[in-house]
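Geometric and topological summary
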Amino acid sequence: MSKKQNSESVDSVLIKRLYVFFEPYKWWAITAIILTLSAAFLGTVRPKLTQIAVDDYISVGDIDGLLWIIFLLGVALLGEFIILIFNTYITRWFGQGVLFRIRNAVFEKIQGLHVQFFDKNPIGRLITRTTSDIEALSELLSDGIVNMLGDLFRIFFILTFMLMMSWELTLISVLVLPVLFYSTFWFKGKVRIAFLNVRDQIARLNSFVQEHINGMAIVQLFNRESKEKERFEAINNEHKDAHIQTIFYFSIFWPIVEVLASVAMALVVWYGGARALMDEVTFGVLLAFIQYVRQFFNPIRGLSEKYNTLQSALASSERIFDVLDTKNEVLETKKPIRPDKVEGRIEFENVSFRYNSDQELILNNVSFEAKPGELLAVVGATGAGKSTLINLLLRYYDIEEGEINLDGVDIKKMSLNYLRSNFGLVLQDNALFSGSILNNITLGKETISREQVIKVSKEVEAHNFIKKLPGTYDFELQERGASLSMGQRQLICFVRAMVYDPKILILDEATSSVDSETEELVARACKRMMIGRTSIVIAHRLSTIQGADNILVMHKGSIREKGSHKQLIKRKDGIYRKLYELQYREQAIGKIPVN
Ligand code: ATP
Ligand code: MG
């Protein structure tokens, strides 16, 4: 019993929350409700009119009266027909409007969430939230709610008309209702759980497909097709089973309603027939009751049918609100600071951090400083925590202990937009979007002119390859920039970072994919661009960072060595020196001649 109440209150909370999205359409919704009410009345008044026709006019041979009733019957029928046309249009129209608003809200929310959220939620699942979960709501909003209301109105009118004619026969007609109610409650509980399961399975399926299409080249390379097909089949199977589960409950429930309707009809015919023969009930009333009983079970069947839609929609909206309720873990303070000017001094003070609480410390008591205009290089083995420094500096994640300051201001106290707007970032694997090269560089910022873009492109050596593309800067990239090479993508991101003229430049393995010649050209361009900017460069190839003012050598989350190339190379057992000798030897014996 308490479980039932619980799910009831969950439903009402969900409906209340959905209402927020309805708000702008509320007058249309009210119009739709009034129209539905009228249609329900016109639909249920007809048996009553038949009863009047039989008892008051046919039995006494009043032709004029009969014609009058037939006219009214026609008006009721036509009226219902016209109202239904209007109502269908109105409800679908505002239903789509509500969906539009929900979709926007979900996307906006996802876009603003902290990066960790995306570590924990597969992309496919989030796509399901913004598309098919909202689609499931669509069925409810387009006509589900209004039809359900219509059914309720019909039940109300039918009961009223029946009671007006004979309370005894009404009682007989509703004798089966307790059984019906009981089975409805049973059904409701089962179906709700089944539908939650269905939505889960859809999300799993989407995640799987999305991930595998993304990694198709690897799947094919390793001949994983048959294995992956098996895994897909397993997931697909569970998806199918989840659906079949819901069908199972419906296939039990529908026949129950059908049988109960027939039993009610039989009772009315038996009891009402006997009464009519005894002249205690008129034939008109009996006729009307037979029609009403049939009409009565239609909306009940309709309600249970739409319950399907409602459950599916509520399950979906629960998921959607889960996303909307996700707390952003990277938050701004009440009054975020937006300094007038940024010099570019970066300080890490005793910073410790881990991504998840079950991890060991990824950064352990890290402290360093980059003065305005300085070039700071970070080197260290894979997994040492170099990129993590950047993630923290840009507040993709928040630190546990210590402080990170920009120009002496704790970055937690700064406006997030403002903080990030000061950085230019080029990574090893960069995000490009479908659209023209120009758009990928400016990201839609109108104040950046085409000339500016071309100028910067020339400086970072990107112009050479762009000008050879069909349409040059208007060349349309495919999704994720798949039509370009890795190095070309990196060059575009260089242009993107530079064109925004950031105060601080961050390069994380930014030239790892371009050839040595281009790397050298880009390095020269970078040198020019680093003038007047603080720069943090993470590199595996030490040759690229020898000119740095300061080099941090990271090892397993700690800074082991700090100093300029000259200082570090002097340390006998230093990590840097070892790394340098290793790379130097490689180059010396390597086949590629080094400058
Ligand atoms: P590379 O030279 O390969 O880029 P890195 O020094 O940049 O290595 P980081 O990316 O900073 O290394 O990763 C440091 C550690 O943090 C690694 O052990 C990694 O497993 C862990 N890590 C990185 N990103 C996450 C994440 N999103 N969630 C959990 N752990 C992470
Ligand atoms: Mg890294």
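The shown structure was predicted, so the numbers you read here are calculated from the model rather than taken from an experiment.

1. Remarks on the sheet that holds strand β9 (residues 504-508)
- Taking strand neighbours across the sheet as the criterion, the six strands line up as β6-β9-β10-β3-β11-β12 in an open arrangement whose pairing is mixed. Edge positions in the open sheet fall to β6 (423-426) and β12 (558-563), since each of these has one partner strand only. Adjacent strand axes in the sheet meet at a mean angle of 15°, parallel and antiparallel pairs treated alike.
- Pairing of strand β11 (residues 550-555) with β12, which is carried by five bridges, proceeds in the antiparallel orientation. Paired with I551 across the strands is G563, a residue of β12.
- Along the sheet, helix α17 (residues 486-499) makes contact with β6 and β9, crossing β6 at roughly 180°.
- The strands that helix α18 (residues 516-530) touches are β3 (375-380), β9 and β10 (534-538); relative to β9, the one it contacts most, it runs at about 155°.

2. Here we look at unusual backbone geometry
- Phi angles above zero are rare outside glycine, and N350 is one such case at about 45°.
- A positive phi is found at R395, a non-glycine position, where the angle reads about 55°.
- Its place among the elements puts R395 in the loop between α12 (386-393) and β4 (401-406).

3. Quick look at the packing of aromatic side chains
- In total, this model carries 23 aromatic pairs according to the counting rule given.
- With a centroid separation of 5.5 Å and 90° between ring planes, the pair formed by F296 and F297 is classed as edge-to-face.
- Through pairs of rings, three or more aromatic residues link up here, namely F22, Y25, W28, W93 and F94.

4. Some remarks on the environment of T131
- Position of T131 among the secondary structure elements: in the loop between α5 (123-130) and α6 (132-165).
- When the C-alpha atoms of T131 and V106 are compared, they prove to be 9.9 Å apart, with 25 residues separating the residues in sequence.

5. Some thoughts on the confidence of the model for the protein
- Taken residue by residue, the protein gives an average pLDDT of 82. The fraction at 70 or more is 95%.
- Highest mean pLDDT in the protein belongs to strand β1 (residues 346-353) (90); lowest belongs to helix α1 (residues 2-22) (67).
- Confidence drops under a pLDDT of 50 for residues 1-5, and excluding neighbours within four residues, the segment shows two contacts in the predicted structure.
- Predicted confidence for residues 591-595 stays below pLDDT 50, and this span has two contacts to residues more than four positions away or in other chains.

6. Things to note about the side chain of E228
- Mapped onto the elements, E228 comes out in helix α10 (residues 225-277).
- When near neighbours in sequence (up to four residues on either side) are disregarded, E228 contacts F208, H212 and V219.

7. Observations concerning the pattern of salt bridges
- The tally for this structure, following the rule as stated, stands at 19 salt bridges.
- Among the ionic pairs, K26 bridges to E23, the shortest N-O distance being 3.0 Å.
- K26 gets classed as partly exposed once you look at its relative accessible area, which sits at 30%.
- On the basis of relative accessibility, which here comes to 36%, the residue E23 falls in the partly exposed class.
- Ionic pairing is found between E343 and K341, a salt bridge with its closest N-O pair at 3.3 Å.
- On the accessibility criterion, E343 (44% relative accessible area) is partly exposed.

Cut-offs applied
- Residues numbered from 1 in each chain as written.
- Chains lettered and ligands numbered in written order.
- Predicted model: local features only at pLDDT ≥ 70, side-chain atom pairs only at ≥ 80, totals over all residues.
- Heavy atoms only, no water.
- Pairing = 2+ DSSP bridges.
- Helix = DSSP H or I, 4+ residues; strand = E, 2+ residues; numbered from the N terminus.
- Axes fitted to C-alpha atoms, helices over the stretch in contact; angles between N-to-C directions.
- Contact = heavy atoms within 4.5 Å.
- Phe/Tyr/Trp six-rings, centres within 6.5 Å; stacked < 30°, edge-to-face > 60°.
- pLDDT = per-residue confidence, 0-100.
- Salt bridge = Lys/Arg side-chain N within 4 Å of Asp/Glu carboxyl O.
- Buried < 20%, exposed > 50% of the residue type's maximum accessible area, 1.4 Å probe, protein only.

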